[in-house]
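Here are the chains, one letter per residue:
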Amino acid sequence: ITPQRPRLTVLGTGYLGATHAVSMAELGYDVLGVDVDEAKIGKLADGQVPFHEPGLDELLQRNLATGRLRFTTDYAEAARFGDVHFVCVGTPQKKGSLAADLRYVEAAVVSVVKNIHGRALIVGKSTVPVGTAEWVEELIAKHAPEHAEIEVAWNPEFLREGFAVEDTLRPDRLVFGVKTEWAKEMLDKTYRGVYELAAAEDREVPVVVTDFATAELVKVSANSFLATKISFINAMSEVCEAAGADVTQLARAIGYDLRIGNRFLRAGVGFGGGCLPKDIRAFRARAEELGVGAALNFLSEVDEINLRRRQRVVDLAAELVGGSLAGKQVAVLGAAFKPNSDDVRDSPALAVARKVHDAGASVVVYDPEGNENARRDLPEVSYAASLDEAAKGAEVVLVLTEWEEFRHADPVALADVVNATRIVDGRNCLDPELWRAANWEYRGLGRP
Ligand code: UGA
């Protein structure tokens, strides 16, 4: 039985799952979102997105109202409802190791398949070590009722926070890791809405149909490439600092070469978030297991370059205040790992705030959306409700997340608020001339 319009479940309603569930409902599918977290399911069912993602609230509410989108904590219900089950649970870094923790994948798969009695497709979307899809097949063989016909496919997700809905409705490409024609056919039916939207807009969505291992690797290699690109430009930043060159102009100049491209070449305090840092570490751990650790040694350099930039900001701040941060008041602008997000996971901004605090400074953080999450992770520092409040009395200001609000801050007005006009632009998002003209001592990363 291959239904024309498969009914979808989304197992795990975090960032990826909630966005996927809402977007697929928006495309006209009947979708059931499933999570073990009752509070989260309660909120979603009530029309509230539990994280900050522009535009998602409205789409959630609209699709709840049509009845196409529902949420539950009941895996048995999910098993009865779905033809296609998307696995969207988290794969965090294991404590005390670089590897990915697959316990949530296991729990989600087992909980759903043991209740499936007909035919169904389990589609992995979570970022996982290569080999996971094969292991999921084994789990199914062990836990599914005997008469159930369950297949596996791997379909990695490439969405960016802040553009999550857009990336889901209008993906650059789709990747299907499949073993059978039926699995491919089911995925085509599942994504027909995406194909139709593209056709209506005169676009094409390239689809790469491949094996499990390749599909799994596409995801981690894409994120590794992106992380490498950022660390490459940040390594150039280090060299520029020693040579008296300007990395922002260098990036612009090399980026005109289409083979290099100008995107993801913004030098600064480096990458963070729930994906790039943990993904490159887990990839290294998996390569070690596969006996090809040497192939990915460069990723440990990528990680180290990235972490060194955090210390560089702290050193610049110390230099500006005369050598030691002890007893100084420091304003930290930004806590989220990037603008338009309230996500502080592995955030360079918060890591710097922590280091500055540890150096004995009194730190006041302000982030337009991230204060609440930041306070949970770093309760030792103070939080301000506005940029001005954070900057009040500061000996040095650090800009660590490039929110529009900070880009457009007025250096003249801010000079009246601070105790000393010194600023470290950790994202190279300010105009140095403008700030220097207003009598600020300005330091960027990789800039003279
Ligand atoms: C990243 C990938 O871009 C997505 O394609 C992928 O699907 C996602 O991870 C995932 O695996 O789920 P995301 O974590 O939302 O998406 O954030 P990015 O926009 O990639 O930014 C990552 C970090 O790199 C941020 O801290 C950002 O400030 C930093 N960055 C980015 C730079 O420092 N310089 C740049 O030029 C670009």
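Everything quoted here is computed from the prediction, not taken from an experiment. Starting from 1, residues in each chain are numbered consecutively following that chain's sequence as written. With pLDDT at 70 or above as the cut-off, local features in this predicted model cover only qualifying residues; side-chain atom pairs require 80 or more to be listed or tallied, and sums for whole chains, interfaces and linings still use all residues.

S.K.: Is there a simple way to think about the packing of helix H1 (residues 15-26) against helix H3 (residues 56-66) in this case?
M.R.: Between two packed helices, both the angle of their axes relative to each other and the distance between the axes serve to describe the pair. Every axis corresponds to a line fitted to the C-alpha atoms, with the helix fit spanning only the stretch in contact, and the corresponding angles, defined between N-to-C directions, vary from 0 to 180 degrees. A run of DSSP states H or I qualifies as a helix once it reaches four residues; a run of E qualifies as a strand once it reaches two. Both are numbered from the N-terminal end. Between H1 and H3, the shortest axis-to-axis distance is 9 Å and the interhelical angle comes to 55 degrees. As far as their axial angle goes, H3 and H1 are oblique. Handedness of the crossing formed by H1 with H3: left-handed. Touching Thr 19, Val 22, Ala 25 and Glu 26 of H1 are Leu 56, Leu 59, Leu 60 and Asn 63, all from H3. By the convention adopted, Pro, Cys, Tyr, Trp, Phe, Met, Ile, Leu, Val and Ala count as nonpolar, Lys, Arg, Asp and Glu as charged, and the other residues, Gly among them, as polar. Of the residues contributing to the contact of H1 with H3, the split by class is 5 nonpolar, 2 polar and 1 charged. Each angle receives one of four descriptions, namely roughly parallel if under 35 degrees, roughly antiparallel if over 145, roughly perpendicular if within 65 to 115, and oblique otherwise. Should the near helix be turned anticlockwise from the far one by less than a right angle, the crossing is termed left-handed; should it be turned clockwise, right-handed. The contact rule is simple: place each C-beta atom from the backbone, and if two of them lie within 7 Å, those residues are in contact.

S.K.: How should I be thinking about helix H11 (residues 247-255) in this particular structure?
M.R.: The periodicity of an α-helix, 3.6 residues per turn, causes residues three or four places apart in sequence to face the same way. Residues of H11 that are buried include every one of Val 247, Thr 248 and Ala 251, and no others. Along the axis of H11, the buried residues cluster in a sector spanning 105 degrees; they form a single face. Facing away from the buried side of H11 by over 90 degrees, the exposed positions are Gln 249, Arg 252 and Ala 253. Looking at the buried side of H11, the elements it contacts are helix H10 (212-243). Exposure is read from a count of other C-beta atoms within 10 Å of each residue's own; the residue is exposed at 12 or fewer, buried at 20 or more and partly exposed in between. C-beta atoms are placed from the backbone. Each direction from the helix axis to a C-beta atom contributes to the arc, which is the arc of those directions.

S.K.: Got a minute to help me understand the site of the ligand in this structure?
M.R.: Nearness here has a simple definition: the residue's C-beta atom, placed using the backbone, must lie within 6 Å of the molecule or strand. Lining the immediate environment of the ligand, one finds 21 residues, of which Glu 161, Arg 266, Phe 271, Gly 273 and Cys 275 sit closest. Among the elements that line the shell around the ligand, the one with the most residues is H10, at 3 residues. Here the shell around the ligand is built from residues that sort into 10 nonpolar, 6 polar and 5 charged. Domain start and stop points were drawn from an automatic or database domain assignment. Split by domain, the shell around the ligand shows at least three residues from each of two domains, domain 1 (8-210) and domain 2 (219-303).

S.K.: Sorry, what's going on with the pairing of strand S5 (residues 119-124) here?
M.R.: Regular strands place side chains that alternate from one sheet face to the opposite one. Of all 6 residues that make up S5, 5 are buried, and the element is covered over most of its length. Two strands pair when backbone bridges link them, and strand S4 (residues 84-87) and S5 are joined in this way by 4 bridges, in the parallel orientation. Opposite His 85, over in S5, you have Ile 122 as the bridge partner. Crossover handedness is defined here as right-handed if the route from the first strand over the helix to the second strand goes clockwise, with the strands pointing away from the viewer. Each parallel crossover has a hand, and the one from S5 via helix H6 (residues 132-143) to strand S6 (residues 149-154) is right-handed. By definition, two strands form a pair when at least two bridges between them are found by DSSP.

S.K.: Would you mind going over the domain arrangement of the protein with me for this structure?
M.R.: A common measure of how large an interface is: the accessible area buried when the components associate. Here the protein is partitioned into domain 1 (8-210) and domain 2 (219-303). In this complex, domain 1 contributes 12 residues to the contact, which on the side of domain 2 involves 12 residues. Residues of the side of domain 1 that touches domain 2, tallied by class, amount to 8 nonpolar, 3 polar and 1 charged.

S.K.: I keep staring at the sheet that holds strand S11 (residues 382-383) and nothing clicks. Help me out?
M.R.: Sheet strands pair by backbone hydrogen bonding; their relative direction is either parallel or antiparallel. In spatial order, the strands read S11-S10-S9-S12-S13-S14; together these 6 strands make up an open sheet with parallel pairing. Bordering the open sheet on either side are S11 and strand S14 (441-444), each of which pairs with just one other strand. Where strand S9 (residues 329-333) meets strand S10 (residues 362-366), 5 bridges bridge the pair, whose relative direction is parallel. Its bridge partner lying in S10, Leu 333 is registered against Tyr 366.

S.K.: Is there a simple way to think about H10 in this case?
M.R.: Here, expected helix span is obtained from the residue count minus one, scaled by 1.5 Å. With 32 residues, H10 ought to run about 46 Å at 1.5 Å a step, and its terminal C-alpha atoms sit 47 Å apart, in line with that. Gly 244 lies just past H10 and shows a positive phi near 75 degrees.

S.K.: Looking at this model, I keep getting lost on the environment of Lys 328. Mind explaining?
M.R.: With respect to the helices and strands, the residue Lys 328 is situated in the loop between helix H13 (297-320) and S9. The spacing of Lys 328 and Ala 394 is 66 residues in sequence and 7.8 Å in space, taken between C-alpha atoms. Contact partners of Lys 328, with chain neighbours within four places excluded, come to Val 321, Ala 361, Glu 395 and Val 396.

S.K.: Help me understand the packing of H10 against H11 in this model?
M.R.: Close contact between H10 and H11 brings their axes to 9 Å; oriented N to C, the two are set at 135 degrees. In terms of orientation, H10 and H11 fall into the oblique class. Along this stretch, H10 crosses H11, giving a crossing that reads as right-handed. Taking contact as the criterion, the partners of Ile 233, Met 236, Ser 237 and Cys 240 in H10 are, on H11, Val 247, Leu 250 and Ala 251.

S.K.: What am I meant to see in the UniProt feature "domain: UDP-glucose/GDP-mannose dehydrogenase C-terminal" (unreviewed entry) in the protein here?
M.R.: UniProt positions are given in the numbering used here, feature names are shortened, and annotations may be inferred rather than shown by experiment. The UniProt feature table records "domain: UDP-glucose/GDP-mannose dehydrogenase C-terminal" (unreviewed entry) at residues 331-432. Between the end C-alpha atoms of residues 331-432 there is a gap of 18 Å, over a span that is 32% helix and 18% strand.

S.K.: Teacher, can you tell me more about unusual backbone geometry here?
M.R.: In terms of backbone geometry, most residues other than glycine have negative phi values and most peptide bonds are trans. Not every positive phi belongs to a glycine, and Phe 264 is a case in point at roughly 65 degrees. With respect to the helices and strands, the residue Phe 264 is situated in the loop between H11 and helix H12 (276-289). By C-beta crowding, Phe 264 is classed as partly exposed, having 16 other C-beta atoms within 10 Å. One non-glycine residue, Asn 428, lies in positive phi territory at about 45 degrees. For Asn 428, a count of 21 C-beta atoms within 10 Å gives the class buried.

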